[in-house]
Amino acid sequence: MSAQWWEGERLDERRARAAWSALAEPGDLVAGALVASLGPVDALALVGVAARGGLHEAWAQVVGPGPDADGSSRSRDPRVERSVRRWAARFADLDVDADLGALAELGGMFVVPHDDAWPRGLDALGLAAPFGIWLRGAANLGVALHRAVALVGARASTSYGERVALELAAGVVDAGACVVSGGAYGIDAAAHRGALGRGGRTVVVLAGGVDRAYPAGNARMFEAVVGEGGALLAEVPPGRTPTKSRFLQRNRLIAAAASATVVVEAAWRSGAMSTAHHAARLLRPVGAVPGPVTSVASAGCHRLLREGSAVCVTDAAEVMDLAGLVGRDLADEPVVDARRGDELDPESARVLDALPRRTGADVAAVAARAGVTAYEAEAALGLLELRGLAARSGSGWRWLSASNGSGR
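(A) Structural view of the overall build of the protein chain. Within the protein chain one finds 18 helices and 11 strands. When each of the 408 residues of the protein chain is scored for burial, the buried share is 51%. Here the contacts in the protein chain between residues at least 6 apart in sequence split such that 70% fall between residues at least 24 apart. In the structure as shown, the protein chain presents an accessible area of about 18900 Å², 52% of it carried by carbon and sulfur atoms.

(B) Spatial organisation of the environment of Asp 362. With respect to the helices, strands and loops of the structure, Asp 362 is situated in the loop between α16 (346-354) and α17 (363-370). As for Asp 362 and Trp 397, which are separated by 35 residues in sequence, their C-alpha atoms are 6.2 Å apart.

(C) How the structure looks around unusual backbone geometry. Put simply, Tyr 214 and Pro 215 share a cis peptide bond, and its omega is 0°. Tracing the backbone shows Pro 215 in the loop between β5 (202-205) and α11 (219-227). One non-glycine residue, His 114, adopts positive backbone phi at about 85°. Among the secondary structure elements, His 114 is positioned in the loop between β1 (109-111) and β2 (133-137). Taking the relative accessible area as the measure of exposure, His 114 reaches 69% and is therefore exposed. Even without being a glycine, Leu 283 presents a positive backbone phi close to 60°.

(D) Structural context of the sheet that holds β2. A sheet is described by the order of its strands in space; here nine strands give the open sequence β1-β2-β6-β5-β4-β3-β7-β8-β9, paired in mixed fashion. The open sheet terminates on both sides in strands that have one partner only, identified here as β1 and β9 (311-312). In this sheet, β2 lies alongside β1 in antiparallel orientation, the contact comprising three bridges. In the sheet register, Met 109 faces β2, and the bridge partner there is Leu 135. Lying on the sheet, helix α13 (residues 271-281) is in contact with β3 (148-153), β7 (260-265) and β8 (286-288); it crosses β7 at an angle near 155°. Sitting on the sheet, helix α14 (residues 299-307) touches β7, β8 and β9, and the angle it makes with β7 is about 130°.

(E) The environment of Glu 25, seen in detail. For Glu 25, the location among the structural elements is in the loop between α1 (13-23) and α2 (29-38). Sequence separation between Glu 25 and Trp 87 is 62 residues, and the spatial gap between their C-alpha atoms is 9.2 Å. Not counting residues up to four positions away in its chain, the partners in contact with Glu 25 are Arg 90, Ser 245 and Arg 246. Polar side-chain contacts of Glu 25 include one of 2.7 Å to the side chain of Arg 90.

Rules used in this analysis
- Residues numbered from 1 in each chain as written.
- Predicted model: local features only at pLDDT ≥ 70, side-chain atom pairs only at ≥ 80, totals over all residues.
- Heavy atoms only, no water.
- Helix = DSSP H or I, 4+ residues; strand = E, 2+ residues; numbered from the N terminus.
- Buried < 20%, exposed > 50% of the residue type's maximum accessible area, 1.4 Å probe, protein only.
- Contact = heavy atoms within 4.5 Å.
- Areas by Shrake-Rupley, 256 points an atom, 1.4 Å probe, with all protein chains shown as cover.
- Pairing = 2+ DSSP bridges.
- Axes fitted to C-alpha atoms, helices over the stretch in contact; angles between N-to-C directions.
- Polar contact = N/O pair within 3.5 Å; in protein donor to acceptor, adjacent residues only side chain to side chain.

Shape is all these values report; function is a separate question.
In structure tokens:
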């Protein structure tokens, strides 16, 4: 694409959004505000004119006079001025057709808002939402992410963490949901492999282009993800390399794409913690898997639990309780051994404890032993008799075991 495109053929919105994804860094709020205000086409034209003739001229030529008649106050906005200088440095090298062509050679597609494949959860990012998604794999990404769980964690994981991630991912797939993670070594890779091992779909959110397998050691796994109906997605065009800032911004996409985020294992300062905080800011549920209290690799999970930012999850059913559909994915209540009398009110429970096991005791003796009045003891004994927990014995009362029958 010629950098002088605004003097010739006008770009459509899709190609303009592709240009913006190359022009601005992920999560650029000024770019997001400009595109939201002017639309991607006019916003791009503004940068093109500003790169050649200055921001003041760009406002006047592309947008027209504003409330101040000449657009001067808008052109002096320091945030816009600084951002335009940053974007102008890249503008001359923009080549949208080459980027889209490289994606087509990979069998991919560029997805923009309002496409069926657009993940609707990304809209919650507001001005920080990506301009478009560079996608390899599932064309029905929006459907795949309708029920999705982000499983994230440390690169320097332990065998405990990797085993838990594998099991959780397998359970999530068995529940019909999709697993989302960042494709890194450690917990991320274990989560993707756990989903693939059950024949399920998983989505890898990359910090670089979809043609850049990072880390390179996971390249075969990435191809397996695409081959099994999953997807690789990025918000920067093919050929772009991952950077530290792009990794951090990538975490917001993981959190927004999923219905819930679960941190399986993370140190005190970890990228997974960043993902959890993004999810919390989006008001998405966050879960954390507890680990040994002596494990540095679980310190971040314990911090989330202690601060109340996450709830404790220990199996896939509890994960789906966080991420699933109301009335469909509620985890079963744990089965516990109920003890006789557990459902009693405190007063009746004290009377039950006061009953002798073998010989009967009169009401006054039971009341004194239980610390209640005779009237309260009589009322409690009647209730206990109806529940098969007490029986009359001669002129008194005794405790009735489950094996004693009625005791009458």
